[in-house]
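# Chain and residue survey
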Amino acid sequence: MSDIQRVVEQYIAVWNETDADQRRALIAEVFTEDATYTDPLGAVTGHDGVDGFIAGAQTQFAGLRFSLPSAPDAHHDIARFQWYLGPEGAAEPLAIGFDVITVENGRIKQVLGFLDKMPG
């Protein structure tokens, strides 16, 4: 498994971790201290910002899980990948997005997110 693949899988695991303490520990492993996250719904900086943003999304989409439909496309320290959000094992996701990450020393420095499909 490539380093980028590992980082992307860890990133998805962060979004799926509902235990606040475990999620916070994962964020510290996966993101740099000054990481930024930006998507159409918000922009945050640092571990506290990322944690708060993810906690909010988990509240809004309780019981749903993020998954990777395919491997990330990467070069240098940049990767892009699509993600799905829906009930575990569902054939059709409720939401679909596309993220671009920048990795620095094996950790995510920046996330730029795009939403392709969101539930009404």
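Everything numeric here is computed off the predicted structure, so don't read it as measured data. Here the residue numbers are simple positions, counted from 1 along each chain's written sequence. Where totals are concerned, whole chains, interfaces and linings use all residues; where local detail is concerned, this predicted model gives features only for residues with pLDDT of at least 70, and gives and counts side-chain atom pairs only at 80 or more. No hydrogens and no water enter the side-chain calculation; it runs on all heavy atoms of the structure.

### Observations concerning the side chain of Q5
Mapped onto the fold, Q5 is located in helix α1 (residues 3-16). For Q5, a relative accessible area of 16% corresponds to the buried category. Contacts described as polar in this section are N or O atom pairs within 3.5 Å, which, within protein, must combine one atom able to donate a hydrogen with one able to accept it, while residues neighboring in sequence count only if both atoms come from side chains. Side chain to side chain, Q5 and E9 meet in a polar contact 2.7 Å long. Every residue pair with non-hydrogen atoms within 4.5 Å of one another is taken to be in contact. In this structure, Q5 is in contact with A71 and P72, ignoring residues within four places of it in sequence. Helix and strand definitions here come from DSSP, where helices need a minimum of 4 consecutive H or I residues and strands a minimum of 2 consecutive E residues; each element is numbered from the N-terminal end. Note on classification: 1.4 Å probe, protein chains only; a residue is buried when its accessible area is under 20% of the maximum for its type, exposed when over 50%, partly exposed between these limits.

### Overview of the pairing of strand β7 (residues 107-117)
Note: strand β1 (residues 31-39) against β7, four bridges, orientation parallel. Each bridged residue has a counterpart across the sheet, and for Y37 the counterpart in β7 is V111. Here the rule is simple: two strands pair whenever DSSP picks up at least two bridges between them.

### Overview of the packing of α1 against helix α3 (residues 46-60)
Here the axes come from fitting lines to C-alpha atoms, over the contacting stretch only for helices, and the angles between their N-to-C directions go from 0 to 180 degrees. Interhelical geometry of α1 versus α3 gives an angle of 60 degrees and a closest axis separation of 9 Å. When the axis of α1 is compared with that of α3, the two are oblique. Every residue of α3 that contacts α1 at V14, W15 and N16 is listed here: F53, I54, A57 and Q58. In the contact of α1 with α3, the residues fall into five nonpolar, two polar and no charged. Orientation labels follow simple angle bins: below 35 degrees gives roughly parallel, above 145 gives roughly antiparallel, 65 to 115 gives roughly perpendicular, and whatever is left gives oblique. In this classification, the charged set is Asp, Glu, Lys and Arg, the nonpolar set is Ala, Val, Leu, Ile, Met, Phe, Trp, Tyr, Cys and Pro, and all remaining amino acids, among them Gly, are polar.

### Concerning the UniProt feature "domain: SnoaL-like" (unreviewed entry) in the protein chain
Residues given the UniProt feature "domain: SnoaL-like" (unreviewed entry) here are residues 8-110. As a span, residues 8-110 carries 34% helix and 41% strand, and end to end its C-alpha atoms are 12 Å apart. UniProt positions are given in the numbering used here, feature names are shortened, and annotations may be inferred rather than shown by experiment.

### Thoughts on α3
Each full turn of the α-helix corresponds to 3.6 residues, which orients residues three or four apart in the same direction. The first and last C-alpha atoms of α3 sit 21 Å apart over 15 residues, in line with the 21 Å expected at 1.5 Å per residue. Within α3, the full set of buried residues consists of G46, H47, G49, V50, D51, F53, I54, A57 and Q58. On its buried face, α3 is in contact with α1, α2 (20-30), β1, β2 (42-45) and β7. To estimate how far a helix should extend, the number of its residues minus one is multiplied by 1.5 Å.

### A few points about the environment of P93
Within the fold, P93 resides in the loop between β5 (78-86) and β6 (95-104). Through-space distance from the C-alpha of P93 to that of A62 is 14 Å; in sequence the pair is 31 residues apart. Non-local contacts of P93, meaning those with residues more than four positions away in its chain, are made with Y84, L85 and K117.

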